[in-house]
Amino acid sequence: MAEITYLEAIREALFEEMERDPNVFMIGEDIGAYGGAFKVTEGLLAKYGESRVIDSPISEIGIVGAAAGAAHMGMRPVVEMQFIDFIANAYDILTNYVATARYRAFLPCPMVVRGPSGGYVRGGPFHSQNPEAGFIHTPGLKVVYPSTAADAKGLMKAAIRDDDCVLFFEHKYLYRRIKGEMPAGDHIVPIGKARTSREGSDLSVITYAATVYKALEAAEQLEREDGLSVEVIDLRSLAPLDDEAIVATVKKTNRVLVLHEDTRTGGIAGEITARINETCFEWLDAPVLRVTAHDVPLPYAPSLEDFVLPQTPDVVRALRRLAAY
Amino acid sequence: MAEITYLEAIREALFEEMERDPNVFMIGEDIGAYGGAFKVTEGLLAKYGESRVIDSPISEIGIVGAAAGAAHMGMRPVVEMQFIDFIANAYDILTNYVATARYRAFLPCPMVVRGPSGGYVRGGPFHSQNPEAGFIHTPGLKVVYPSTAADAKGLMKAAIRDDDCVLFFEHKYLYRRIKGEMPAGDHIVPIGKARTSREGSDLSVITYAATVYKALEAAEQLEREDGLSVEVIDLRSLAPLDDEAIVATVKKTNRVLVLHEDTRTGGIAGEITARINETCFEWLDAPVLRVTAHDVPLPYAPSLEDFVLPQTPDVVRALRRLAAY
Amino acid sequence: MARPRTGSVAPLTREQRLELYYWMRLTRSLEERLVNLYRQTKVVGGLFRSLGQEADAVGSAYALQQGDILSPLIRNLGSMLVKGATPVEILKQYMAKGDSPTRGRELNIHFGDTERGFIGQISPLGDMVPVMAGVTLSFKMRKEARVGLVYVGDGATSTGAFHEGINFAAVQKCPLVVVIENNGYAYSTPTSKQTLAKQLADKGIGYGIPAETADGNDVIATYDATKRAVDRARRGEGTSIVELMTYRRKGHAEHDNQSYVPEGEGDRWARENDPINRFILRLTNEGNATLRELAAVDARVVTEIDHATDLAELSGVPEPLDALVGIYAEPPAEQPLWFREGGRAAVEENERPEGWGSYDISGDV
Amino acid sequence: MARPRTGSVAPLTREQRLELYYWMRLTRSLEERLVNLYRQTKVVGGLFRSLGQEADAVGSAYALQQGDILSPLIRNLGSMLVKGATPVEILKQYMAKGDSPTRGRELNIHFGDTERGFIGQISPLGDMVPVMAGVTLSFKMRKEARVGLVYVGDGATSTGAFHEGINFAAVQKCPLVVVIENNGYAYSTPTSKQTLAKQLADKGIGYGIPAETADGNDVIATYDATKRAVDRARRGEGTSIVELMTYRRKGHAEHDNQSYVPEGEGDRWARENDPINRFILRLTNEGNATLRELAAVDARVVTEIDHATDLAELSGVPEPLDALVGIYAEPPAEQPLWFREGGRAAVEENERPEGWGSYDISGDV
Ligand SMILES: Cc1ncc(C[n+]2csc(CCOP(=O)(O)OP(=O)(O)O)c2C)c(N)n1
Ligand SMILES: Cc1ncc(C[n+]2csc(CCOP(=O)(O)OP(=O)(O)O)c2C)c(N)n1
Ligand SMILES: [Mg+2]
Ligand SMILES: [Mg+2]
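Residues numbered from 1 in each chain as written. Chains lettered and ligands numbered in written order. Predicted model: local features only at pLDDT ≥ 70, side-chain atom pairs only at ≥ 80, totals over all residues. Heavy atoms only, no water.

Asker: Whenever I open this one, the overall build of chain C confuses me. Can you help?
Answerer: When helices and strands are tallied, chain C shows 12 helices and seven strands. Counting only C-alpha atoms and orienting by the principal axes, one finds that chain C spans roughly 95 × 50 × 45 Å. Burial statistics for chain C: of 365 residues in total, 64% are counted as buried. (Helix = DSSP H or I, 4+ residues; strand = E, 2+ residues; numbered from the N terminus. Buried < 20%, exposed > 50% of the residue type's maximum accessible area, 1.4 Å probe, protein only.)

Here it is as structure tokens:
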């Protein structure tokens, strides 16, 4: 079977779910005639028509709220943020209305909010964000952030079928750079399960999304140059976190690095470190270390963006410190 | 000198700063004629008039944005959120516009966003929130959350004089329950410095806001019943965090509990744990433990709210485990 | 755009008019009962009154039919009763009982039932407008002849959520009626400080949708105006606004002393423009009912409320552990945290590495 | 409300008209130069054109005076030039140079200078409206006779920030002019899918403020309409709207092939309604200038742009460490993280407890 890109895998999932379930519909800015800023929804309008592929006004509160209302009535909306950065405009309605609907009012709210996320693309401060930290903090929401084409498809299908609201972050750096074969049939990746991206025995890197590839590059270099065996865990789901997978790799290697592209303070690495600390403190032969972006808005000049974001040499340096500890 | 309440201390700070600097002004919903939902701004309109005490429409984006624009021009706005929960409506303009103004456009944005925060008051899911986690994650913002009357006054004066945006969370449970004497003169508490609320040598509790008092109650009980000496650190500032104070108490007691009222996952306790882990791993004789609220929206029925939020017995139990570890 | 819209509305029968009277009286008496319970500190949290606004709530909700859905605000107790909420539910909810509609999770009248046709509001103002845009979008997508109605106050019209929601509904031609209850105040803020618009119905022009202003203290006028908008929506002609002019006679909540209200303003409304008194006059003048008949209704209402109160008082408080149930469909419940009885003690229960306590960390690479 | 407002505007002198021509030509030629640099991949990020909209940007900005402040959008290069932004700044900014106005931090024309009178925009649409409400609120508080002008597109009028900001400015009578550039599209979305309002000026009615619609491709008409609104604001009469009708001839950005645009629509505008051609015709017909004189201006513009390009090309890229400077007034800079050369290696540098490496943790309580 031919390989398709991360972006095509997401599109394939949308087509399959639209086909499978008439309650699934798309809503967003410029997703119809134009097919979306990154063409993720291209072809959906032609096939399913205006009533199921809705071009909306520039109203993130409006479309997230409308999706919630439709979801209460049994529809399964998929909302596109043209760039995930604009999810900030819907922060109130997502965290206060959507996240609490089932708990406070017994209203099911099955919906997906998806959009191009992340940096390494010279997008500047408002087209490069990784907003997961602000949402994993909200009980009632689920958050996924795939790194491979197969996971992108399988998680999208799982997200659309999930009975709660799932935030689906798509890394725009991976959209066309990453390809993979799609498993045959109705391919579903369960939400809440991490993936071992690379088996190893000396050191662990716990990460997700674009930095999975930084970790893999660093792992190969350490194997080549230091003869160290590095395990790479791709979380895939950020809420809920796969505690079992985290504990398992800690117990296996006893030396853990948490790596993410998001800024450092208040980033999800803190939560992961706290959980490791609580669940397997005695298994640690070294402190859990964090490699993250620097705590600044992301500048767009290449020399600046490259400096602010975590790079492969950073991971190598950090892992060597862990090994030498 | 007579004691005044936490609420009166904040009001006193507002009066003194309005008096000191003609550029300081107040903006918010019902803060003028009515004096604010909790009467924090009572008397300001009478003294300073409508041009410096502005009753706004119900528009959190509008007033935060307007404050930023005025701040660029040299004013020093103090914005009231009628309840801090509604800061969620201004999440985009605070995190994308205000927080980045100096960095991306060299525009100073000296402003304070303040409001009644926190639970233990039967306020239900939308009048009890602790939104710090969503904002300490944003470079460019400062966040303070005092627990004593003197700190409330001193930090408010510091926040108004700060050249950047400070989010000032006021705990509504403490408004009228906590009293204190005001240090004489122009009382300023520097942002970024924690306070040792109670000296101790066996165990440390790192906390802030209302749970400082849970920690103190637990500390007394452990001294009485277990002969254990518990140190209580009141962070006061959440961004920036006082790393020195955190490291100092860890090195002193080697056993640390992080306590907060906010929900657990993604709460600031994770960040603090990660920092301790990075800076003084070898000094830990036990894992850093977290006592927090449960991960649910805060229900309003007393039996439910009391169950969801951390209580003194929880702190006692957690500290005993730490001691026995 | 704000002249009365065409579209004749069938006059209400005597029975229907008496129903309207019943709902208005039930609303007022139930709130009076809540005031007593509030004074006895049996109400948890604040108490919000709709005194003087019963006509706008009842008359507008009465224009809907079975299958339609409305989104009430804090002053729409009457609308919820019309849609089938029961006094005992309201009382249990205000008393935070374990068997109240939200099992003690949400305050006052923040609850809903999409079967009966009302949806649970949240506090952040304006958010229900986009939500109801979505509810009615689903009606349109499924070609159901159902209509939605969302209430917003004069104050809530200043929110971004109101703007984005109503504009979206307008463009999508959702079968949605937006009822703006202009009761003169948002908490302490007079409508004149909320907007410069001469009337809130004028906002319709900016959204390109019809709008009508009606006397919200005249239950029949309220019903007629809303019914025109509802029929229009059901005919597939999309979203419209009904502005109901009324007055908030009590404070924002029980604790508010209304110091900001001009001397005598409230009394004048009570004296000259009480929606129930006005309706009584009309019912008797137009021969729909005698005062004795109406008194009988009032008596019936009191009995119902007494009965509901007795029932409500019997129920217990929520089970603490229920606080952890139902955040997600899956898992069905959260676990109590480790520092609680029954909580998982992560560290303690986690088995330790062999040789733990005896081996030398620094030596081990 | 959308009829032309009264208030006569002094006619522009020949010199002023030639200035307008200069700014329009500079805008267009500078963007054409940017296209070349973009094709040479010397531009970092996307390129946004205002082709065919030069009159609305230049004419509106020209209505302001020294001390006034405007907030431009992505298609207001012309407005920024009028307010004193220089071609070399624009070129360096687009090329992400270290000595560009934002030192490589922000994209394209996202930069400002409150001294010269333009403020740096951010991407989230609508946010600049409340910000400019605050800028102009400060003018009012300080009794300064200054005016603010904020641009929003047809698409941005759908945002909550636009609504909350303009309503706040209206109620506060801020000296603010809200210019709605109706160029027919928001990215691929036609204005008809953005709102049902017949014209965007109608939104003024909902906010109770005056609004005027003008031909945005007629630089004089644009100037006159904006000047009326600016004078009004300066007289202390508050906020108003100017809707400028224009057309976005290029795609949203250079990469956009405009597949969604009806056949021939763009060509028709180019042929029949190019703002520069129209102005040339007018200047020559009304005897303001000969074609030769205008050609001289064009030549001058090219020389200036050539010069600016040479300068811009000379500058280097930003110093990486500058990325950590100036998030706060205090501290002036962040430290590089520990895993970088020069970074604090927290764990390593932290001295260890005595006896570390030899003692038994489990035995120690
Ligand atoms: C977004 C938001 N901001 C502030 C509040 C606080 N608040 C609750 S009710 C209220 C006044 C509402 O006035 P109005 O919309 O006119 O409704 P009314 O109470 O008059 O029925 C305010 C400001 C809120 N609930 N939501
Ligand atoms: C809040 C928000 N949502 C979405 C976007 C993505 N976006 C950037 S420009 C644009 C279209 C803007 O159209 P319009 O306001 O008409 O301005 P124009 O480009 O036509 O000048 C969109 C949707 C954004 N920048 N901000
Ligand atoms: Mg009101
Ligand atoms: Mg446009």
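Asker: So what exactly am I meant to see when it comes to the site of ligand 2 here?
Answerer: In the vicinity of ligand 2 lie 19 residues, with A:Glu60, D:Ser123, D:Gly155, D:Asn183 and D:Tyr185 positioned nearest. Around ligand 2 the close residues trace back to chains A and D. The separation between a nitrogen atom of ligand 2 and a polar main-chain atom of D:Leu125 is 3.1 Å. Interatomic distance of 3.1 Å between a side-chain N/O atom of D:Asp154 and an oxygen atom of ligand 2. Isolated, ligand 2 exposes 590 Å² of accessible area, and the fraction of that covered by the protein chains is 94%. (Near = heavy atom within 4 Å. Polar contact = N/O pair within 3.5 Å; in protein donor to acceptor, adjacent residues only side chain to side chain. Areas by Shrake-Rupley, 256 points an atom, 1.4 Å probe, with all protein chains shown as cover.)

Asker: Please explain the interface of chain A and chain D as it appears in this structure.
Answerer: Interfaces are often described in size by the accessible area the parts lose on coming together. The interface of chain A with chain D comprises 47 residues on the first partner and 50 residues on the second. Of the roughly 3,900 Å² buried at the junction of chain A and chain D (both faces included), carbon and sulfur atoms supply 63%. Of all residues in chain A, A:Tyr34, A:Ile58 and A:Tyr300 bury the most surface against chain D, accounting for 20% of the area lost on that side. Here chain A and chain D share two salt bridges between them. Note that D:Lys193 is salt-bridged to A:Glu50, the shortest N-O span being 3.1 Å. Our count for the contact surface shared by chain A and chain D stands at 18 residue pairs in polar contact (both at pLDDT 80 or more). At the level of secondary structure, the elements contributing two or more residues to the side of chain A that touches chain D comprise β14 (289–293), α11 (302–308) and α12 (312–324) of chain A. Among the elements that line the side of chain A that touches chain D, the one with the most residues is α11(A), at six residues. Split by residue class, the side of chain A that touches chain D holds 26 nonpolar, 10 polar and 11 charged. (Contact = heavy atoms within 4.5 Å. Buried area = accessible area lost by both parts, 1.4 Å probe. Salt bridge = Lys/Arg side-chain N within 4 Å of Asp/Glu carboxyl O. Nonpolar A, V, L, I, M, F, W, Y, C, P; charged D, E, K, R; others polar.)

Asker: For this particular structure, what's the right way to read the sheet that holds strand β10 (residues 203–207) of chain B?
Answerer: Strand pairs in the sheet, formed through backbone hydrogen bonds, run parallel or antiparallel to each other. All names here are of chain B. Spatially, β9-β11-β10-β13-β14 is the arrangement adopted by the five strands of the open sheet, whose pairing is mixed. With one partner strand each, in any of the chains shown, β9 (195–198) and β14 (289–293) form the two edges of the open sheet. Each strand axis lies, on average, 25 degrees off the axis of its neighbour in the sheet, ignoring direction. (Pairing = 2+ DSSP bridges. Axes fitted to C-alpha atoms, helices over the stretch in contact; angles between N-to-C directions.)

Asker: Help me out: how do you make sense of the site of ligand 1 in this one?
Answerer: Around ligand 1 lies a shell of 19 residues, among which B:Glu60, C:Ser123, C:Gly155, C:Asn183 and C:Tyr185 are the nearest. Of the chains in the model, those with residues near ligand 1 are chains B and C. Between C:Ser123 and ligand 1, the recorded distance is 3.0 Å, taken from a backbone N or O atom to a nitrogen atom. The separation between an oxygen atom of ligand 1 and a polar side-chain atom of C:Asp154 is 3.1 Å. Out of a free accessible area of 590 Å², ligand 1 has 94% covered by protein chains.

Asker: I keep staring at the state of the cysteines and nothing clicks. Help me out?
Answerer: Taken as a whole and assessed by the stated rule, the structure comprises zero disulfides over all chains. For A:Cys280, which is in no disulfide, the shortest distance to another cysteine sulfur is to B:Cys280 and amounts to 19 Å. The class of A:Cys280 is buried, set by a relative accessible area of 0%. (Disulfide = S-S within 2.5 Å.)

Asker: Would you mind showing me how to read the pairing of strand β7 (residues 165–171) of chain A here?
Answerer: Moving residue by residue along a regular strand, the side chains alternate between the two faces of the sheet. Residue and element names in this part refer to chain A. For β7, the tally of buried residues reaches seven of seven residues, placing the bulk of the element in the interior. Pairing of strand β6 (residues 141–144) with β7 involves four bridges; the strand directions are parallel. Residue pairing in the sheet places Leu141 in a bridge with Cys165 of β7. Considered for its hand, the β-α-β crossover made up of β6, helix α7 (residues 149–161) and β7 is right-handed. (Right-handed = clockwise from strand over helix to strand, strands pointing away.)

Asker: Please explain the packing of aromatic side chains as it appears in this structure.
Answerer: Under the counting rule described, the total for this entry stands at 42 aromatic pairs over all chains. Here C:Tyr185 and C:Tyr247 contribute two aromatic rings whose centre-to-centre distance is 6.2 Å and whose plane-to-plane angle is 80 degrees, an arrangement assigned as edge-to-face. Here C:Tyr185 is found in strand β4 (residues 185–186), whereas its partner C:Tyr247 is found in the loop between β7 (240–245) and α9 (265–272), with 62 residues between them in sequence. On the accessibility criterion, C:Tyr185 (9% relative accessible area) is buried. Above the face of the B:Tyr34 ring, B:Lys39 is positioned so that its terminal group lies 3.6 Å from the ring centre. (Phe/Tyr/Trp six-rings, centres within 6.5 Å; stacked < 30°, edge-to-face > 60°. Lys NZ or Arg CZ within 6 Å of the ring centre and 35° of its normal.)

Asker: How do you make sense of helix α10 (residues 268–280) of chain A when you look at a structure like this?
Answerer: Two residues of an α-helix separated by three or four positions point the same way, owing to the 3.6 residues in each turn. In this model α10(A) runs 18 Å from its N-terminal to its C-terminal C-alpha over 13 residues, within 8% of the 18 Å that 1.5 Å per residue would give. Of all the 13 residues making up α10(A), 13 are buried; the element is thus mostly covered by neighbouring parts of the structure. (Expected span 1.5 Å × (residues − 1).)

Asker: Help me understand unusual backbone geometry in this model?
Answerer: Leaving glycine aside, a negative phi is the common case for residues, and trans is the common case for peptide bonds. With an omega dihedral of 0 degrees, the bond running from A:Ala239 to A:Pro240 counts as a cis peptide bond. Along the polypeptide, A:Pro240 turns up in the loop between β12 (237–239) and α9 (243–253). Positioned with a positive phi, B:Asp30 is a non-glycine residue whose angle comes to about 65 degrees. Mapped onto the elements, B:Asp30 comes out in the loop between β2 (24–28) and α2 (44–48). The buried category is assigned to B:Asp30, whose relative accessible area is 3%. With a phi angle near 70 degrees, B:Tyr120 is a residue other than glycine that sits in the positive phi range. If you trace the backbone, B:Tyr120 turns up in the loop between β5 (112–117) and α6 (132–136).

Asker: What is the right way to look at the sheet that holds strand β6 (residues 211–215) of chain C in this model?
Answerer: Residues and elements named next belong to chain C. Pairing is parallel across the open sheet formed by five strands, whose spatial order is β1-β2-β3-β7-β6. Edge strands, defined here as strands with exactly one partner in the open sheet, are β1 (69–71) and β6. Across the sheet, the axes of successive neighbouring strands diverge by a mean angle of 20 degrees, strand direction being ignored. One ladder, built from six bridges, connects strand β3 (residues 176–182) with β7; its direction is parallel. In the strand pairing of β7, Val179 is matched with Val242. Its contacts with the sheet place helix α2 (residues 54–61) against β1, β2 (148–153), β3 and β7, and it is angled at close to 165 degrees to β2.

Asker: Would you mind showing me how to read the pairing of strand β11 (residues 230–234) of chain A here?
Answerer: Residue and element names in this part refer to chain A. Burial analysis of β11 places five of its five residues in the buried class, which makes it a mostly covered element. Side chains Val230, Val232 and Asp234 project from β11 onto one buried face, and the interleaved Glu231 and Ile233 project onto a second face that is buried too. In terms of strand pairing, strand β9 (residues 195–198) meets β11 through three bridges, oriented antiparallel. Across the sheet, the residue bridging to Arg198 is Val232, located in β11. Strand direction decides the pairing type here: strand β10 (residues 203–207) and β11, joined by five bridges, are parallel. By the bridge assignment, Leu203 is partnered in β11 with Val230. With helix α8 (residues 211–226) bridging β10 and its parallel neighbour β11, the resulting β-α-β unit is right-handed.

Asker: Please explain the interface of chain C and chain A as it appears in this structure.
Answerer: Counting residues at the interface gives 49 residues for chain C, matched by 48 residues for chain A. For the pair chain C and chain A, the summed buried area comes to about 4,000 Å², and 62% of that belongs to carbon and sulfur atoms. Considering only the surface of chain C that becomes buried against chain A, C:Met141, C:Glu164 and C:Tyr328 emerge as the three largest contributors, covering 15% of it. Put simply, chain C and chain A have zero salt bridges between them. Across the chain C-chain A interface, the total number found is 13 residue pairs in polar contact (both at pLDDT 80 or more).

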